[in-house]
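# Close look at the chain arrangement
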Amino acid sequence: MARARMVVVAAISLAYPVLVYVAMGRFEPRWLSLLLFALALLRALSTRQPLWWAAAAGAGLLAGLATVLNQALPLKLYPALVNVVMLTVFATSLRFGPPLVERLARLQEPDLPPFAVVYTRRVTQVWCGFFVLNGGLALLTALYASDRVWMLYNGMLAYVMMGLLFGGEWLVRRRVKAAHAHG
């Protein structure tokens, strides 16, 4: 059941900007806040980690503000909140180690060579930079862009950028591994 909740949370999170945009003209923000409340509740139920409880509380706060103020802005701030949480996860792993990307790499290769440890640290730093940039753009689109631009950026372009980063990192990783295999 926990796995199913995680899948539902991920699906709603990914579709969130599009769902909010489509519903904005049809429902008042206070009713749309129910989507964010549901997302916060599902997130809280799907984890035992304090950081994700804090994220759920933040989402709940945004939903509460949308309900009380009956404004869409708190709903549009959710993607920026997600980026802050992800930045916190990655940056904290750099500070207190091992870096998150190293942990993920060790799931496939428990005995990482020293060059790979350095590489995974650098990739974790790159992801931190991505979350700063993406979160900043999510915030700017929420505050200053039209609803359509907000939805296009947060519901499509941010995912394209993330995919490009994943793909680019995979290509760089192959080259780094090849250079050390022959080196």
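Conventions and cut-offs
Residues numbered from 1 in each chain as written. Predicted model: local features only at pLDDT ≥ 70, side-chain atom pairs only at ≥ 80, totals over all residues. Heavy atoms only, no water. Helix = DSSP H or I, 4+ residues; strand = E, 2+ residues; numbered from the N terminus. Buried < 20%, exposed > 50% of the residue type's maximum accessible area, 1.4 Å probe, protein only.

Looking up the protein in an unreviewed UniProt entry gives the name Intracellular septation protein A, with the organism given as Stenotrophomonas indicatrix.

### Comments concerning the environment of Leu 133
In this fold, Leu 133 is placed in helix α7 (residues 114–144). Expressed as a C-alpha distance, the spacing of Leu 133 and Asn 83, which sit 50 residues apart in the sequence, is 9.1 Å.

### So, unusual backbone geometry
Residues Gly 97 and Pro 98 are joined by a peptide bond in cis, for which omega reads -10°. Here Pro 98 shows up in the loop between α5 (78–96) and α6 (100–108). The backbone of Asn 70 sits at a positive phi, close to 55°, despite the residue not being glycine. Following the sequence through the fold, Asn 70 ends up in the loop between α3 (50–69) and α4 (73–76). Among the residues examined, Asn 70 registers a relative accessible area of 23% and is labelled partly exposed.

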